[in-house]
Amino acid sequence: MQATNTHRASFVQKFLELKQLYYRLPLAERQKKQWLENKRKQKLFCIAAVNNPAIKEIVLAEVSHSPSKQLTINLGREIQGIETLVFNLESMCLQEKKTFVSYVKIGKQNAEKTVSSGALDLFSSAESTMEQYSNFTELKVLHSLEKEAAINVDKMEEALTWSYKLFQELFLATGYKKYACLFLDFVLQKDAHLINFPFALLKAQESMEKTRMQTFVGKRSSAIELTDVPLSKIEEMLEAILEENINELKRFYRDTISYEEMPVEQKVRINYIFENSFHLPLVEDHGFSSEHELYKMLCIQGGIKKQDLQKEGVLLFAELLENIRFLQKTNTEDFVWLINVGYGIVNPLKKHNTLLLKSFISNKRYNVSVFNHTNKEENKTEAPLQGKALAS
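Note that this is a predicted model, so its numbers are computed, not measured. (Residues numbered from 1 in each chain as written. Predicted model: local features only at pLDDT ≥ 70, side-chain atom pairs only at ≥ 80, totals over all residues. Heavy atoms only, no water.)

Draft legend 1. Focus on the sheet that holds strand β1 (residues 303-305). Spatially, β1-β3-β2 is the arrangement adopted by the 3 strands of the open sheet, whose pairing is antiparallel. Looking along the sheet, the strands with just one partner apiece sit at the ends: β1 and β2 (327-329). Taking the axes of each pair of neighbouring strands and ignoring which way they run, one obtains an average angle of 20° across the sheet. Across 3 bridges, β2 lies against strand β3 (residues 335-339) in antiparallel orientation. Each residue of the ladder has a partner; that of K329, found in β3, is W337. Packed onto the sheet, helix α11 (residues 264-275) meets β2 and β3 and runs at close to 45° relative to β3. The sheet strands contacting helix α12 (residues 293-301) are β1, β2 and β3, and the helix crosses β1 at an angle near 105°. (Pairing = 2+ DSSP bridges. Helix = DSSP H or I, 4+ residues; strand = E, 2+ residues; numbered from the N terminus. Axes fitted to C-alpha atoms, helices over the stretch in contact; angles between N-to-C directions. Contact = heavy atoms within 4.5 Å.)

Next up, the structure:
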C-alpha cells in the first residue's frame, strides 16, 4: 500500500509539473502545438495497439524509441477508425453539452445501425455480435458513472481510478472495447494529450511480461492480459512516461530557441529563468502576462537588445524590472539590459532542500524545486547562479 501511494503522489506531481511547464513555455502557440500534436498521434497509435494486440510490439517499439520524432509506421484503416473516435470525443468536449456516458451511448447506437446496414463501422468490429451487453445498465461501472454528479478533475487520482475501472469493464464488453481508454481524455479535455493512459497500459503489461518470463524460465505460465495489469503498475509507468515527457519538452524548447548556439553567459541567464519556471516578478501586476510578446522575448533572450527598444512598451517593461533589480543596465552594444542572475536566489544550504541536493548528487538535469520557487527573504543570497544544462 505504501508503494502504491508513493507512485500515486509522484505521477500526479509529474503531471502538474508537465502541465505548468507546457503552458509557461515562452514559445508561440503554433510551436508548442507541434510537440503536442506528436503526443496526440502517439496516443492514437497506442489506442489502436490496445485494441489490436497484433500491432502492439511495433507500436511500442516506435513510440518508446522515437518519442520526439514523427511516427513512421502506417496502420492504414486501423488508425482511421481510432482517429474518428477521438475526434468525436474532442468535439463533444468542445461543445461541453454531453457526458462521457452520452458519448458511449451515441457511439454504440451508431455502431449498431452501421452494422445492421452493412456500412463501414468506425466504432467496433463488424464481426462482433451486439447481443451481449445490449442492455446498457448491465455495464455497472458505466451505469454508476451516469449517476455521478461530477468527477473531481483537481484530484487526478480520482480521475485515474475511474479510468481504470471503466477500462476493466468496457474492454471486456462486446462492442465497447474502443471506448475503454478514453475516459481520462474526456475528463482532462484540453490537457488530455499531456498524458498517455493507453501507453502506460501497454508499458505496464510489457514490464509484467518480462518479469513473468524471468520468473518462469523453462516453465509454462499464462500470458499477462491487459485487464490483469494492476492500477499501481499503471501509475508507476505513468510517472516514468511523464518524467520523460518533461525532459523531452525541455529538449524541444532548447532546440527551438537554438540554445546550443548561444554564448555561455546567455546560456546561464536562460537557465536561470528556466529554473524559475519563467517567472518574472511583478510584471503580471502591470499587464504583462506570460503570454505577452515582451514576456516571452525576455525569457528566450535572457535580456533586452538595443533593437528591441523600438517596440512599444519595452522601455516601461525594462525599467519596471530594473527598479526591483531583476534586470541590470549594461554598457554593451548588443544587450542594453540583462537578467540579474543574483536576484532572489535560494541558498540550498539554508533551505536544506533534500530534493534539490539529491538531484545534484545523482546528476539529474531537472529538479522539482523549479516549480516550488520561494521568495522568502531569509533564503535569498547575492551569490551568482552557476549555469546548468537546460535538459539532459
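There's plenty left to go through after this.
Draft legend 2. Expanded view of helix α10 (residues 231-256). Spanning 26 residues, α10 covers 37 Å between terminal C-alpha atoms, matching the ideal 38 Å at 1.5 Å per step. Positive phi shows up at S258, right after α10, with a value of about 55°. (Expected span 1.5 Å × (residues − 1).)

Draft legend 3. Here's a closer look at unusual backbone geometry. Even without being a glycine, S277 presents a positive backbone phi close to 55°. On the secondary structure map, S277 appears in the loop between α11 and α12. The class for S277 is buried, based on a relative accessible area of 7%. Of note, the phi angle at L282 is positive, near 70°, even though the residue is not glycine. Structurally, the position occupied by L282 is in the loop between α11 and α12. (Buried < 20%, exposed > 50% of the residue type's maximum accessible area, 1.4 Å probe, protein only.)

Draft legend 4. Representation of the environment of P281 within the structure. Within the secondary structure, P281 sits in the loop between α11 and α12. When the C-alpha positions of P281 and F326 are compared, they lie 7.8 Å apart, and in sequence the two are 45 residues distant. Those residues in contact with P281, other than ones at most four positions away along the chain, are L321, I324, F326 and Y343.

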